[in-house]
Amino acid sequence: MLLGLLMALLAALCFGSAMVLQALGAQAHSPSGAGGGLVGTVRAMVNVPFVCGLVLDLFGFAAQLVALRSLPLYVVQAALAGALAVTAVLGAAVLKLRLGRAEWAGVAGVCVGLATLGATAGKEGTKQPGMPLHWIMLVAVAVIAVAGAAAWRLKEPVRAAAMGTLCGLGFGVVGLSVRLVPSVHGMDLVPLLQDPATYALLGGGAVAFVFMTEGVRGGKVTTATAAMVLGETALPALLGVILLGDRTRPGLLWLALLGFAIAVAGALALARFGEVAPVEGHGAEQTPDGQEIPAAPGAPGAAAVAERERQRH
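Residues numbered from 1 in each chain as written. Predicted model: local features only at pLDDT ≥ 70, side-chain atom pairs only at ≥ 80, totals over all residues. Heavy atoms only, no water.

*Asks:* Can you walk me through the overall build of the protein chain in this structure?
*Replies:* Regarding its fold elements, the protein chain presents 13 helices and 2 strands. Burial analysis of the protein chain (313 residues in total) assigns 48% to the buried set. Across the protein chain, contacts joining residues at least 24 apart in sequence account for 82% of those joining residues at least 6 apart. Accessible surface for the protein chain amounts to roughly 14,600 Å². Of this, 72% is attributable to carbon and sulfur atoms. (Helix = DSSP H or I, 4+ residues; strand = E, 2+ residues; numbered from the N terminus. Buried < 20%, exposed > 50% of the residue type's maximum accessible area, 1.4 Å probe, protein only. Contact = heavy atoms within 4.5 Å. Areas by Shrake-Rupley, 256 points an atom, 1.4 Å probe, with all protein chains shown as cover.)

*Asks:* Is there a simple way to think about the packing of aromatic side chains in this case?
*Replies:* The description of an aromatic ring pair uses the distance of the two centres, along with the angle that the planes make with each other. One pass over the structure, following the stated rule, counts 1 aromatic pair. When the centroid spacing of 6.3 Å and the interplanar angle of 70° are considered together, the rings of W152 and F211 count as edge-to-face. Linking W152 in the loop between α7 (131-151) and α8 (158-180) with F211 in helix α10 (residues 196-217), this pair joins segments that are 59 residues apart in sequence. The positively charged end of R159 is found above the aromatic ring belonging to W152, 5.7 Å away from the centroid. (Phe/Tyr/Trp six-rings, centres within 6.5 Å; stacked < 30°, edge-to-face > 60°. Lys NZ or Arg CZ within 6 Å of the ring centre and 35° of its normal.)

*Asks:* Would you explain the pattern of salt bridges in this entry?
*Replies:* Oppositely charged side chains can form a pair if their charged atoms are brought close together. Evaluation of the coordinates by the stated rule reveals 2 salt bridges. A salt bridge links R272 to E103, with the shortest nitrogen-to-oxygen separation between them at 2.5 Å. Taken together, the residues R272 in the loop between α12 (253-269) and β1 (285-286) and E103 in helix α6 (residues 101-120) connect sequence positions 169 residues apart. We note that R272, like E103, is buried. A salt bridge links D246 to R179; the nearest nitrogen and oxygen atoms lie 2.9 Å apart. Here R179 lies in helix α8 and D246 lies in the loop between α11 (221-244) and α12, a separation of 67 residues in the sequence. (Salt bridge = Lys/Arg side-chain N within 4 Å of Asp/Glu carboxyl O.)

*Asks:* Explanation requested: the environment of V229 in the structure shown.
*Replies:* Turning to its location among the elements, V229 is positioned in helix α11. For V229, a relative accessible area of 0% corresponds to the buried category. The spatial distance from the C-alpha of V229 to the C-alpha of L169 is 9.4 Å, given a sequence separation of 60 residues. Other than its neighbours up to four places away in sequence, V229 contacts A81, L84, V264, A267 and L268.

*Asks:* What's the story with the environment of A206 in this structure? I'm lost.
*Replies:* Checked against the element boundaries, A206 lands in helix α10. Overall, A206 belongs to the partly exposed group, its relative accessible area being 40%. Sequence-wise, A206 and A145 are 61 residues apart; in three dimensions their C-alpha atoms are separated by 9.7 Å.

*Asks:* It is not clear to me how α8 should be interpreted in this structure. Could you clarify?
*Replies:* Quick reminder: α-helices carry 3.6 residues per turn. Residues three or four places apart thus point the same way. In this model, α8 (23 residues) spans 33 Å end to end at C-alpha, consistent with the 33 Å of a helix rising 1.5 Å per residue. In terms of burial, α8 is largely enclosed, as 17 of its 23 residues are buried. (Expected span 1.5 Å × (residues − 1).)

*Asks:* Help me understand the environment of S183 in this model?
*Replies:* Topologically, S183 is positioned in the loop between α8 and α9 (190-194). Residue class for S183 comes out partly exposed when judged on its relative accessible area of 42%. With 114 residues separating them along the chain, S183 and R69 place their C-alpha atoms 9.7 Å apart.

*Asks:* Quick question: what am I supposed to make of α7 here?
*Replies:* Taking 1.5 Å of rise per residue, 21 residues should cover 30 Å, and α7 covers 31 Å from first to last C-alpha, within 8% of that figure. Buried residues of α7: L133, H134, M137, V141, I144, G148 and A151, and no others. Angularly, the buried residues of α7 cover 110° about the axis, an arc narrow enough to put them on a single face. In α7, those exposed residues whose orientation departs by more than 90 degrees from the buried face are P132, V143, V146, A149 and A150. (Arc of directions from axis to C-beta.)

*Asks:* It is not clear to me how the nonpolar core should be interpreted in this structure. Could you clarify?
*Replies:* Side chains of a nonpolar character, in soluble globular proteins, are inclined to be buried together. By size, the foremost hydrophobic cluster in this structure holds 65 residues, and its most contacted members are L117 and L270. L117 has contacts with Y74, V75, A78, A256, G259 and F260, leaving out every residue within four places of it along the chain. (Core = buried A, V, L, I, M, F, W, Y, C linked by side-chain atoms within 4.5 Å.)

*Asks:* Hey, could you run me through the confidence of the model for the protein chain in this one?
*Replies:* The predicted coordinates of low-pLDDT regions are not to be read in fine detail. Across the protein chain, the average pLDDT comes to 78, with 79% of residues at 70 or higher. With pLDDT under 50 throughout, residues 30-38 is counted as low confidence; its partners more than four residues away or in other chains account for 7 contacts. Note on residues 279-310: pLDDT under 50 across the span, and 66 contacts to partners over four residues away in sequence or across chains. (pLDDT = per-residue confidence, 0-100.)

*Asks:* How do you make sense of the side chain of E232 when you look at a structure like this?
*Replies:* Topologically, E232 is positioned in helix α11. Here E232 is buried and forms no salt bridge, its nearest opposite-charge partner R179 lying at an N-O distance of 15 Å. Dropping the residues within four chain positions of it, E232 is found in contact with Q77, L80, A81, G168 and F171. (Lys, Arg positive; Asp, Glu negative; His and termini not counted.)

Structure follows, in structure tokens:
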């Protein structure tokens, strides 16, 4: 169990750090002029910080897989939501983001909540729900994809909330599917390739990535990220208890619920860090009186800047 806890925290550290590195890489390329639009977005991804962020994402995903195979789902999902705390702290140091009292309280809440969950968590559930659940996970990916296509034309902020929720559910499918896929023995990959849960895992991650990207493109970063946090924690945690038999240590259910609630509340307080961007002087032009000019629509980091501009005025 200790290894699983360490891997869950490592995954959160990797994902949170990757957000900051990808923001730095995105800001290295100006979206103005001929480099804007899709071409500019692709060019912004081809630099050392952004690529290092992607590598950290891969390491984080590997650590997440290890954690999910040895810990209850509710602990791992809460830890992944806690990656926003890592992003907030690193963003404050590297990107000069300002953290208010509520956001520092959010960081503290994530730390306290995760520490409580780690102390109260029991072993992962040992229930074997059967092959029908494997197929249900694959069908769930298709349902999420169809729902996302239907939500694509909604207006903000409903669109951001819908996309964020579907993204969170996609990550929830990933978490459940990891627990369902068969173990690999040596180089025998046939059972893995024949299991529908394997494709549910891959499909869930794909739709989650697409819908989170679309959720923040409209500028409603806080709305989309908050919905994602709720979608990837609450329902998957409940299903882990019901379907997979996840449990807490004897007599500590109430404390685990409290820790889970504190960790999720802390992550929600940090929701604006779902897409980090500098507050001033880093990638945003300024008017003569010192006011920021948001980057071009659709450019990396533009959504977060535009959101703060609307809140400021």
